[in-house]
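Letter by letter, the chains look like this.
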Amino acid sequence: MRKRMEDLLKRTSNTEAEIEELKKLIQQLEKDADPSSQGKATDMIVNDLKSQNDRLRYRIYHLNLSIKKEEEALQASKRKAMPNIQKVVQGIFEQAIVKAFPDVSISAIVHSSTQERFGDYQCNNAMILSKVLKENGKSLSPRSVAEQIIQHLPANDVLEKTEIAGPGFINITIKKHFILSLLSDIIMYGVRPPVMNRKMRVLVDFSSPNVAKEMHVGHLRSTIIGDSISRLLEFVGHDVVRISHLGDWGTQFGMLIAHLRDTFPKYLNQSPPIADLQAFYKAAKVRFDEDAVFKKRAYEAVVKLQARESDYFKAWEMICDVSKNEFEKIYQRLGVKVVNRGESFYQDMMIDVVKDLDTRGLLELDEGRKILKVPNIKVPLTIVKSDGGFTYDTSDMAAMRQRVMDEKADWLIYITDGGQGLHFEIIFSASEAVGYVNRKHVRVVHVPFGVVLGEDKKKFKTRSTDTVRLVDLLDEGIRRAKAKLIDKGRDKVLSKEELEVAAKAVAYGCIKYADLSRNRTGDYIFSFDKMLDDKGNTAVYLLYALTRIRSIARLANVSSSELTKVAESASIEFDHPKEWKLAKLILRFPEILEKILDDLLLHPLCDFMYELSCTFTEFYDTCYCIEKDRKTGEILKINMNRLILCEATAMIMEKSFHLLGIDGVDKM
Ligand SMILES: NC(=[NH2+])NCCC[C@H](N)C(=O)O
């Protein structure tokens, strides 16, 4: 009974609530029937649409903003980097190959064509792919493979035409529009580096002569090559640390200090008058070998130097300064910047390295020496000599540790003669083995170069002296360059100062170019006659070529801002094959640089410059840039498109000269 009551009460209250709901509904319906409330509904819809509209507007605004940003980024990247067309084409073919043959993993092989009739680039994948497919049990002729690749090429703005040739080569022609826009970019934004994937901290160890010894032609090669590699890395945007690992430490300094104290006791207050430090070194060595008492004093001096006893340290500094000043003179003349950080810098770190290796039980005793054996290499490193001194090996182990840990270098480059190849191989492997470097994360390379030979193919020396003093060598270069210029009657055209400037630029340029234009790994014959020749692949020829190209625009009296306007208007057109040939070659510049960044061989840049100037001559001989009246010499017509080509060629040549460390000259 009670339960039933409760049930009924519940139902009543539910129904009451239902009635209330229905009442509200009726009221609402009555309201809706009223015309004024209908207006309200319309308002609501309008408001709703309005706010939708606002939201859309807001989105459009932001989309426009991001489109603008993207366009700006595109422009900025154009301003910042020059595309490597070969890589761009390779990327397009890579996509096609993946799509056409998803089961085979093979990267696209794309080269620039060796002959004009084969198009601009060639893809040579078909033959290999056909072979691989056959191995996988699928038979498809190379030509059919090539067809498949072409069919799967993605939509792009780069390729004009593809053609299958011979057994299955794909000849590729680049869109003219693409070439013209890249050429205009050079005029508008200058010569820019190729795209950099990752900014790295690169330590370049180069030049590295030895204190109290003459800086010789080997060090000159290291200086020239190291400077050029550093310039290229800097141009690309890497963070470059240029270090000269001077030989400024070791037991021989005891001998030099003892000799200085005997021969020039006033050294603490006066700079020692050692003009010829090498003679000083020789004299000290004679005493060291012949005089037992002196020898003992020399050893004591080393201990005192290493304990940094002030008089001895000062004597050492004096000796180093004499050498460093000499080296600096050479760097100044050659326009080379490098920081002196010699073996002495690592003295304390060497102590740490020895302690570290010793406590880890990695050093072995061998006839009084402490050596470090390296897996798979027969020759061990000598870490401590039997007299307790450190060695070249110790300094390089400490330097490796410091460069990785403190300098945080991602890339280490050592530039020395090939004779030190084994030394570096051991240092690199040893450093890896003891955990001072992980070559998966840090790129470590030795950049070796060949020996410098005289024209008699024997060790390089001058007539009078045994070794060649670099200062004398540079002086002789200037003298010969000047004589050559006078020979050509240039002294009648140039002022005295201009002749001096030209002679220096030619001499230093030739010495550098002769070195850099050869494959560095080979020995190289030093010949002033050959390097100062104004024909063939020499700096003189190229410097003349550049001044000639520059004079074209000067003659036409067209300013670079006028050329920029033409480039901006996107109205450049070419109709002569020689124009296209030159334009396409100019645009190969980033490709050349990227290859150098890979193998650090610089001669392809020189070959490129030579090819560029030959191709320019071909163009210039057939295509008039300026038409003049034959009789009066009056300028009748200027071809702006062609002047653009002249300008771009000159810009690329100037940048190349800069990367090689060679100064151009306005007049020569
Ligand atoms: N880290 C190095 N070991 N650099 C090269 C040093 C070259 C040495 N001073 C020489 O003249 O042969």
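The residue count restarts for each chain, going from 1 along the sequence in the order it is written. Under the rules for a predicted model, residues below a pLDDT of 70 receive no local features and side-chain atom pairs below 80 are neither given nor counted, while totals for whole chains, interfaces and linings still include all residues. By convention in this description, side-chain values take in all heavy atoms of the structure and omit both hydrogens and water.

Our working definition: UniProt positions are given in the numbering used here, feature names are shortened, and annotations may be inferred rather than shown by experiment.
You'll find the protein entered in an unreviewed UniProt entry as Arginine--tRNA ligase, cytoplasmic, with Trichoplax adhaerens given as the organism. We quote the UniProt Subcellular location (unreviewed entry) comment for the protein here in full: "Cytoplasm, Cytosol". Of the comments in the UniProt record for the protein, the one headed Sequence similarities (unreviewed entry) reads "Belongs to the class-I aminoacyl-tRNA synthetase family."

1. Quick look at the UniProt feature "domain: Arginyl tRNA synthetase N-terminal" (unreviewed entry) in the protein
Heads up, the condition is: To qualify as a helix, a DSSP run of H or I must reach at least 4 residues; to qualify as a strand, a run of E must reach at least 2; elements of each kind are numbered from the N terminus.
The UniProt record marks residues 87-174 with the feature "domain: Arginyl tRNA synthetase N-terminal" (unreviewed entry), using the residue numbering of this structure. For residues 87-174, the end-to-end C-alpha separation is 13 Å, with 39% helix and 22% strand making up the annotated structure.

2. Things to note about the domain arrangement of the protein
In plain terms, the rule: For the domain bounds, the source is a domain assignment made automatically or taken from a database. Two N or O atoms count as a polar contact when they lie within 3.5 Å, although within protein this holds only if one can serve as hydrogen donor and the other as acceptor, and sequence-adjacent residues are included solely when both atoms are side-chain atoms.
The assigned domain composition of the protein is domain 1 (2-79), domain 2 (85-174), domain 3 (201-247 + 342-453), domain 4 (252-336) and domain 5 (471-659). Distance from the C-alpha centre of domain 3 to the C-alpha centre of domain 4: 24 Å. Between domain 3 and domain 4 we count three residue pairs in polar contact (both at pLDDT 80 or more) in total. For the side of domain 3 that touches domain 4, the secondary structure elements donating two or more residues are α7 (217-236) and α12 (347-359). The dominant element in the side of domain 3 that touches domain 4, judged by the number of residues it contributes, is α7, at four residues.

3. Digging into the site of the ligand
In plain terms, the rule: One heavy atom within 4 Å of a molecule or strand makes the whole residue count as near it. The protein chains shown are the only cover counted for residues, whose accessible areas, like all others here, come from Shrake-Rupley with a 1.4 Å probe. Only protein atoms enter the calculation, which uses a 1 Å grid: trapped sets of points that fit a 1.4 Å probe without letting it out are cavities, open sets showing protein on both sides within 12 Å along at least five of seven lines are pockets, and any residue with an atom within 4 Å of a point is a lining residue. In this description, a molecule resides in a pocket or cavity if more than half of its atoms sit within 2 Å of the grid points defining it.
In the vicinity of the ligand, the contacting residues are D205, S208, N210, H219, H245, Y392, D396, Y414, T416, Q420 and F424. D205 has a polar side-chain atom sitting 2.7 Å from a nitrogen atom of the ligand. Within the side chain of Y392, a nitrogen or oxygen atom sits 2.7 Å from a nitrogen atom of the ligand. Taking 350 Å² as the accessible area of the ligand by itself, protein coverage stands at 90%. Taking a 2 Å distance to the grid points as the criterion, the majority of the atoms of the ligand fall inside the second largest pocket.

4. Some details on the sheet that holds strand β4 (residues 169-174)
Where we set the bar: At least two DSSP bridges between two strands are required for those strands to pair. The axes used here are C-alpha line fits, helices contributing only the stretch in contact, and every angle between their N-to-C directions lies in the interval 0 to 180 degrees.
Read from one edge of the open sheet, four strands run β1-β2-β4-β3, paired in antiparallel fashion. In the strand order of this sheet, the two ends are held by β1 (110-112) and β3 (159-165), each with one partner. In this sheet, adjacent strand axes meet at a mean angle of 25° when their direction is disregarded.

5. What to know about the packing of aromatic side chains
Two aromatic rings, taken as a pair, are described by how far apart their centres are and by the angle between their planes. Quick note on the threshold: Only the six-membered ring of Trp is used, alongside the rings of Phe and Tyr, when aromatic pairs are assigned; centres must lie within 6.5 Å, and planes under 30 degrees apart are stacked while those over 60 apart are edge-to-face, with the rest tilted. Note on classification: 1.4 Å probe, protein chains only; a residue is buried when its accessible area is under 20% of the maximum for its type, exposed when over 50%, partly exposed between these limits.
For the structure on display, the rule yields 15 aromatic pairs. Measuring from centroid to centroid gives 5.3 Å for F574 and W580, while their planes differ by 85°, and the two rings are edge-to-face. Of the two residues examined, F574 and W580, each falls in the buried class. Pairing F589 with F608 gives two aromatic rings, centres 6.1 Å apart and planes at 35°, and the pair type is tilted.

6. Considering the nonpolar core
As a reminder of what qualifies: Buried Ala, Val, Leu, Ile, Met, Phe, Trp, Tyr and Cys residues that are joined via side-chain atoms within 4.5 Å together make up what is termed a nonpolar core. In what follows, a contact means two residues having at least one pair of non-hydrogen atoms within 4.5 Å.
By size, the foremost hydrophobic cluster in this structure holds 143 residues, and its most contacted members are F93, I174 and I413. Residue contributions to this core peak at 12 residues, all from helix α16 (residues 496-516). Here I413 is in contact with V202, L203, V204, D205, I229, L233, V445, V447 and L600, once residues within four sequence places are set aside. Membership of the second largest hydrophobic core comes to 61 residues, among which are V211, W249, M255 and V404.

7. Here's the deal with helix α6 (residues 176-189)
Formally: In a helix, the anticipated span is given by 1.5 Å times the number of residues less one.
In this model α6 runs 20 Å from its N-terminal to its C-terminal C-alpha over 14 residues, within 8% of the 20 Å that 1.5 Å per residue would give. For α6, the complete set of buried residues consists of F178, I179, L180, L182, L183, S184, D185, I186 and I187. Phi turns positive, to about 85°, at G190, one or two residues after α6.

8. Examining the pattern of salt bridges
Under the convention used in this document: We define a salt bridge as a side-chain nitrogen of Lys or Arg found within 4 Å of a carboxyl oxygen belonging to Asp or Glu.
Tallied over the full model, the rule gives 41 salt bridges. Among the salt bridges present, the one from K488 reaches D534, with a minimum N-O distance of 2.5 Å. With K488 in the loop between α15 (470-487) and α16 and D534 in the loop between α17 (528-531) and α18 (539-556), the pair connects residues that are 46 residues apart, well separated along the chain. Here K488 falls in the partly exposed class, since its relative accessible area comes to 40%.

9. Regarding the sheet that holds strand β12 (residues 443-449)
Pairing is parallel across the open sheet formed by five strands, whose spatial order is β7-β6-β5-β11-β12. Lying at the two open borders of the sheet, with one neighbouring strand each, are β7 (339-340) and β12. As paired elements, strand β5 (residues 201-205) and strand β11 (residues 411-417) share four bridges and run parallel to each other. Looking at the pairing, L203 lines up with L412 of β11.

10. Observations regarding unusual backbone geometry
Keep in mind that most residues, glycine aside, have a negative phi and that most peptide bonds are trans. One non-glycine residue with positive phi stands out, namely N376, at about 70°. The class for N376 is exposed, based on a relative accessible area of 84%. Phi is positive for N557, which is not a glycine, with a value near 60°. Looking at the element boundaries, N557 is found in the loop between α18 and α19 (560-568).

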